[in-house]
Amino acid sequence: MAIELQKEVVELLQDSETVKVLATVDEKGFPHAVIKQSFELGEDGNLVHLELFESSRSNKNLVRGIWHNRKVSVTLKGKGDLSYQIKGRPIKSIIAGPVFNEHYLRVRERLGDVGLAAVWIIEPEEVINESFSARLAEEQAAQVFCGHLDRIAQLSGARPETRQ
Amino acid sequence: MPVALNSRFAEELTLTEVTAKHPEVPRLICLKIDVQRRGVHYTERALSTVDETLHQLRGAYIFGSRDASLSPLPESLLLRDGTSILVDPTPLDQNPYIVDLVDGRLALTDGGDFLEEVELWQKPAYYDQTTSSGIPMKYVVTARPQRLNIFQSSFCHYWANDKGCLFCDIVTHQTQQRAELRIPIRLNPKDVSETIGEALKEPGRFTGICLTAGTDIRGEELFDQEVEYYIEILQAVGENFRTRKFPSQLIGSAFNERQLARLYDQTGLTSFTTDLEVLNERLFAWICPGKAEKVGYQEWKNRLIRSVDIFGRGNVGTGIVGGVELATPYGFTDEEEALRSTLEEAEDLARHGVTTVYIVWVPRPGSFFRSQRNASLEYYVRLAWGLHSLRVKYNLAVAFDDYRRCGNHPDTDLSRLL
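Given the structure is predicted, the values throughout are model-derived calculations rather than measurements.

A few points about the overall build of chain A
Next up, step 1: The number of helices and strands found in chain A is four helices and seven strands.
Next up, step 2: Sequence-ordered secondary structure for chain A, helices as α and strands as β, is α-β-β-β-β-α-β-β-α-β-α.
Next up, step 3: Computed over C-alpha atoms, the radius of gyration of chain A comes to 20 Å, more than 25% over the 15 Å expected from 2.2 N^0.38 for 164 residues, which places it beyond the range of a compact globule.
Next up, step 4: The C-alpha extent of chain A, read off along each of the three principal axes, is 75 × 35 × 30 Å.
Next up, step 5: Out of the 164 residues in chain A, the part that is buried amounts to 26%.
Next up, step 6: Nonlocal contacts in chain A, meaning residues at least 24 apart in sequence, comprise 67% of its contacts between residues at least 6 apart.

Shown next, in the form of structure tokens:
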């Protein structure tokens, strides 16, 4: 089921300084994760990925994804510890037509003499806040047994520390 | 006389059953195969969305259509994964899929059920242009989403002696095209060069060029005149490129090594295909009498294999009319046997670096086989997977004839995974 991306995620996606990693799965179930800076937000709220290489493993895995209803993930890493992971499904591959042509021209304007294999549309289904501070707070709040005891030990002669 | 297919379809596995039985083959490809098998009918609502200023409508083509007409209907459908479905409008009594408007979007439906959203091919910019000799460019070079097609001559000399392939309607269709659309039977190289030049002005639109025509057996050696004409046209195409070679496919007769070497050395051609049509020597003699008489099955195979030395592995292919091996009365009577036999021959070719591709046989009204029926959906799905598996096993690329360059072979649609 498609979800709407929250504002902070959209801003991260649209920031050219954000590192973007696409993770897909091959025919044997092995993950394949690569940096792909070409993600943007589509008008319909879906992710738009411009795949430059027809022969790339990512492209083949995206084809597997759309054919066999498999998920992919996009991880965004911004400044500081801000990071999100978006899980979704490839739902469309545009290889010709006005949308393709528009992106083809823009990509070549930006990167020079390169090609464009496909414009992939990925429908987001889940967003996970992977920022360190958010994950730390989440774990500490919900997972009593995940911390080492020395972190909460009352050592003799020492004043009790305030657990963060 | 239209072929009544309803009773046949009642016995066979449905699309849902086939996709469940063969999960390795994507549902979208199974759907494409079935749409090609059964054809389509466009509702009036669907046709109301067709815009001839935007969409590519049927035009010049080497073969005829299921409805034996040249009406200006969409040339093809496009599925959401980028797969094309080249398909003819089909009379309703042949149980075609229905293309309708569902919630404002074009959709493939069957029995009232929504199956998939579809789009129509966009018309390329050059289609509205005319050559300096006054011929509409769309009649000189036709387009696929990413390929330019040059049907340089639409007469086949095997037909002159009543030895045309029994599934083929090339001459019937050529007569109709000439009469109704005034499409030239033989192209002028200058018109071709102009049209290609105009087409290339549209950035990002095309990734390959394909040439094909009917057979010309004339010349000092068999096919010499056909080769000469291809060289002329290819050199005219080459005028538009700054590289010596350009991504291209020639689907021609079984040329000998001298002829192939000329094509490779004197033009920018990068791949070669010559169609065996049916991978069985006995059936080849019956279904392709002209080809059998002039070259023969074994020599055709030999020439294919020798082509690999000139064009290289992954650049030579042969096309078959999938399912014609089951034509009555002399074809296989059992699909299992037909599939086994066909894949065995295809593997022999693959071993030598020749890849086999298929089209879904559609018995056309203008062909000798007009009253025949094509194979089951499951047969075609298994054939697609079988031919794809051979390419995987023998590490054979088929970029020159895949979903992007051609779009008419369900098996090479799978080559996106190679």
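Observations regarding the confidence of the model for chain B
Residue and element names in this part refer to chain B.
Next up, step 1: On average, residues of chain B carry a pLDDT of 92, and 91% of them reach 70 or more.
Next up, step 2: Long-range and interchain partners of residues 1-9, a stretch whose pLDDT sits below 50, account for 15 contacts in this model, where long-range means more than four residues apart.
Next up, step 3: Among the scores for the predicted complex, ipTM is 0.91 and pTM is 0.93.

Considerations on helix α7 (residues 224-238) of chain B
Residue and element names in this part refer to chain B.
Next up, step 1: The end-to-end C-alpha separation of α7 is 21 Å, in line with the 21 Å expected for 15 residues at 1.5 Å each.
Next up, step 2: Those residues of α7 that fall on the buried side of the exposure criterion are Glu226, Val227, Tyr230, Ile233, Leu234, Ala236, Val237 and Gly238.
Next up, step 3: Buried-residue contacts for α7 involve β9 (147-153), α6 (189-199), β10 (208-213), β11 (248-252) and α8 (257-266).

Calculation notes
- Residues numbered from 1 in each chain as written.
- Chains lettered and ligands numbered in written order.
- Predicted model: local features only at pLDDT ≥ 70, side-chain atom pairs only at ≥ 80, totals over all residues.
- Helix = DSSP H or I, 4+ residues; strand = E, 2+ residues; numbered from the N terminus.
- Rg over C-alpha atoms; globule rule 2.2 N^0.38 Å.
- Buried ≥ 20, exposed ≤ 12 C-beta atoms within 10 Å, placed from the backbone.
- Contact = placed C-beta atoms within 7 Å.
- pLDDT = per-residue confidence, 0-100.
- Expected span 1.5 Å × (residues − 1).

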